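Architecture at a glance
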Amino acid sequence: MMDLKVRPTLDQGFQPLAVALRDFAADVKKVGGRRVSISVERDAEKIETFSLDVFPDGVDDSRNFRISERVVKTLLWVYGGAKIVVTGSKAIYEHIRSAYREGGARAFDADFMATVFDRPFEVAFADAAPESRWSARPVGRHLDGCRIGFDAGGSDRKVSAVVDGEARFSEEVVWHPKLSADPAYQRAGILESLRTAASKMPRVDAIGVSTAGVTIDNRMMISSLFLKVPKELHAEHVRNVYIDCAREIGADIPVEVANDGDVTALAGAMELNDGCVLGIAMGTSEAGGYVDNAGNITGWLNELAFVPIDLNPDAMEDEWSLDRGCGVKYFSQDGVIKLAPEAGIELDPALSPAEKLKVVQKLMAGNDPRARAIYETLGVNFGYAIAYYALFYDIRHVLVMGRVTSGDGGVLLLNKAREVLRLDFPELAEKIELAIPDEHSRRVGQSVAAASLAQAASPAASRNE
């Protein structure tokens, strides 16, 4: 059993990757290791390389393989790319190549990345590791003029008319994009919201879009909003949907599209007037976003739902990727629900996941010790997850939001995460601040941040009168 300074009461089998990597490094140092580098490549100008010492080939191959495979998966879902390059160990390279082939253990991940980046997935070996290079493009913080900020979620869409940084009009509309196989439904909803906001201002200088899903160069690559739309319709009707709708408002109006997690992190960075912000939303799933030290959105995937945080082979399986120990089963409503039986709480199986969460939250509001145990356990999980995320992100602030963190449970969760950092990772506790934004900051800040994404055109070029 791992030596944890803080142990999650309801999750005794928890094996945090942050501690596993720390122990692995110490054991390798005792016997003398070899340097291995793993790089994820999106293209020639977007490469991230992570290096670690491993046991010499043949010494403890199974442990080498397990740790390196978890690192590869993390790199893919944090940064995003369709090529993995391994240097320093042919044995590890062969293991990774086997895992990511068709029919392999990580075939889901390979197929996802190939779809997002429109190229076959590849695992290669090299004698020398490519250097990291990834230039973040300045996006956001433009508050001048008349702007539309649009936020597309799975259950509602929000739009704001923002004038010189102030939200003059905001509207939230319920919609059901995940249920429609006809992309005309999503397009009509987007257009209706944009036109409503445009009607509240004398002109439109820029349009910013915050959306669920993966976006590349303003294109919608994969999103649950278009879950039922047949793949053969995506190229024509989904990829450029936001750009096409913006052109309906004005042919020359600049538009910028970003992942909603990134926009949430940008909103927090604008509120804090600082960078190195990791935003995490705990709701139906675990969503992530990041703003770097310069205050820029990086263009990384930040799909933390698929990032592994637990090495326990008996951890709950994700139904989509068929992997175990990934964030989606900890920092989401599923994370609360799975712990309820362990806490002695019986939930009606006829209830929806959101309704089950509300039952636990109601108990938490009454200071029920069983509900407290759930949130304390998740807080410990989260503290160790932050320590793992810090290996791949430069973090000064972690902003936590989402329905799971509502009420007293969210406060308790963050307090336990702080305890983990203080006792087991004191160097991180001194550097990283954890916070839950208030409701006003989340609502208004998000719309203003979305509206600030694009640099405004000149008023003469953007009047829609």
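Here we summarise the structure given alongside this text. Note that this is a predicted model, so its numbers are computed, not measured.

Looking now at the overall build of the protein chain. Summing up its helical and strand segments, the protein chain has 15 helices and 16 strands in all. Taking 2.2 N^0.38 as the reference for a compact globule, 465 residues should give roughly 23 Å; the C-alpha atoms of the protein chain span a radius of gyration of 22 Å, in line with that estimate. In terms of overall dimensions, the protein chain has C-alpha extents of about 75 × 60 × 40 Å along its principal axes. A total accessible area of about 19,200 Å² is found for the protein chain, and carbon and sulfur atoms account for 49% of it. For the protein chain, the separation between the mean place of its 53 positive charges and that of its 68 negative charges on side chains is 0 Å.

On to the sheet that holds strand 8 (residues 166-174). The mixed open sheet is built from five strands, whose spatial order is 8-7-6-9-12. Since the sheet does not close on itself, it has two edges, and those belong to strand 8 and strand 12 (255-259), each with one partner. Mean inter-strand twist for the sheet, computed between neighbouring axes without regard to direction, equals 15°.

With that settled, consider the layout of surface pockets. Roughly 560 Å³ of volume is contained in the second largest pocket. Every residue lining the second largest pocket is counted, 31 residues in all, and those nearest its centre are R42, T215, I216, D217 and G299. Looking at the lining of the second largest pocket, the elements that each hand over two or more residues are strand 1 (34-43), helix 4 (107-117), strand 10 (214-216), strand 11 (219-222) and strand 12. By residue number, the principal contributor to the lining of the second largest pocket is strand 12, which donates four residues. Looking at the lining of the second largest pocket residue by residue, the class counts come to 13 nonpolar, seven polar and eleven charged.

Where helix 2 (residues 61-79) contacts helix 3 (residues 90-99), the two axes come as close as 10 Å, and the packing angle between them is 60°. If you check the angle between helix 2 and helix 3, you find them oblique. Both helix 2 and helix 3 take part in a crossing whose hand is right-handed. Across the interface between the two elements, N64, F65, S68, E69 and V72 from helix 2 touch A91, I92, H95 and I96 from helix 3. For the contact of helix 2 with helix 3, the residue count by class is five nonpolar, three polar and one charged.

Although it is not a glycine, N273 sits at a positive phi angle of roughly 55°. Along the chain, N273 turns up in the loop between helix 8 (260-272) and strand 13 (277-282). The backbone of N367 sits at a positive phi, close to 60°, despite the residue not being glycine. Checked against the element boundaries, N367 lands in the loop between helix 10 (353-365) and helix 11 (369-389).

Let us look at the sheet that holds strand 3 (residues 83-87). On the basis of which strands lie adjacent, the open sheet formed by five strands has the order 4-3-1-2-5 and mixed pairing. Lying at the two open borders of the sheet, with one neighbouring strand each, are strand 4 (122-125) and strand 5 (133-134). In the packing of helix 3 onto the sheet, the strands contacted are strand 1, strand 2 (46-54), strand 3 and strand 4, and the crossing angle to strand 4 comes to about 170°.

With that settled, the discussion passes to the nonpolar core. Of all hydrophobic cores here, the largest spans 101 residues; its most connected members are I84, I374, F382, Y389 and Y393. For this core, the leading source of residues is helix 11, giving 13 residues. Contact partners of I84, with chain neighbours within four places excluded, come to I38, S39, V40, V72, L76, I96, F121, E122, V123 and A124.

Before going further, it helps to spend a moment on the packing of aromatic side chains. Taken as a whole and assessed by the stated rule, the structure comprises 27 aromatic pairs. The interplanar angle of 70° and the centroid separation of 5.2 Å between the aromatic rings of Y388 and F392 together place this pair among those described as edge-to-face. Among the aromatic residues, those joined into a ring-pair cluster are F14, Y330, F331, F382, Y384 and F425. In this arrangement the basic side chain of K90 is found over the ring face of F125, its NZ or CZ atom lying 4.8 Å from the centre. Above the face of the Y330 ring, K338 is positioned so that its terminal group lies 3.6 Å from the ring centre.

Cut-offs and rules
- Residues numbered from 1 in each chain as written.
- Predicted model: local features only at pLDDT ≥ 70, side-chain atom pairs only at ≥ 80, totals over all residues.
- Heavy atoms only, no water.
- Helix = DSSP H or I, 4+ residues; strand = E, 2+ residues; numbered from the N terminus.
- Rg over C-alpha atoms; globule rule 2.2 N^0.38 Å.
- Areas by Shrake-Rupley, 256 points an atom, 1.4 Å probe, with all protein chains shown as cover.
- Lys, Arg positive; Asp, Glu negative; His and termini not counted.
- Charge placed at Lys NZ, Arg CZ, Asp CG, Glu CD.
- Pairing = 2+ DSSP bridges.
- Axes fitted to C-alpha atoms, helices over the stretch in contact; angles between N-to-C directions.
- 1 Å grid on protein atoms, 1.4 Å probe; cavity = no way out; pocket = protein on both sides within 12 Å on 5 of 7 lines; lining within 4 Å.
- Points joined across faces, edges and corners; volume = space filled by probe spheres on them.
- Nonpolar A, V, L, I, M, F, W, Y, C, P; charged D, E, K, R; others polar.
- Parallel < 35°, antiparallel > 145°, perpendicular 65-115°, else oblique.
- Left-handed = near helix turned anticlockwise from the far one by under 90°.
- Contact = heavy atoms within 4.5 Å.
- Core = buried A, V, L, I, M, F, W, Y, C linked by side-chain atoms within 4.5 Å.
- Buried < 20%, exposed > 50% of the residue type's maximum accessible area, 1.4 Å probe, protein only.
- Phe/Tyr/Trp six-rings, centres within 6.5 Å; stacked < 30°, edge-to-face > 60°.
- Lys NZ or Arg CZ within 6 Å of the ring centre and 35° of its normal.

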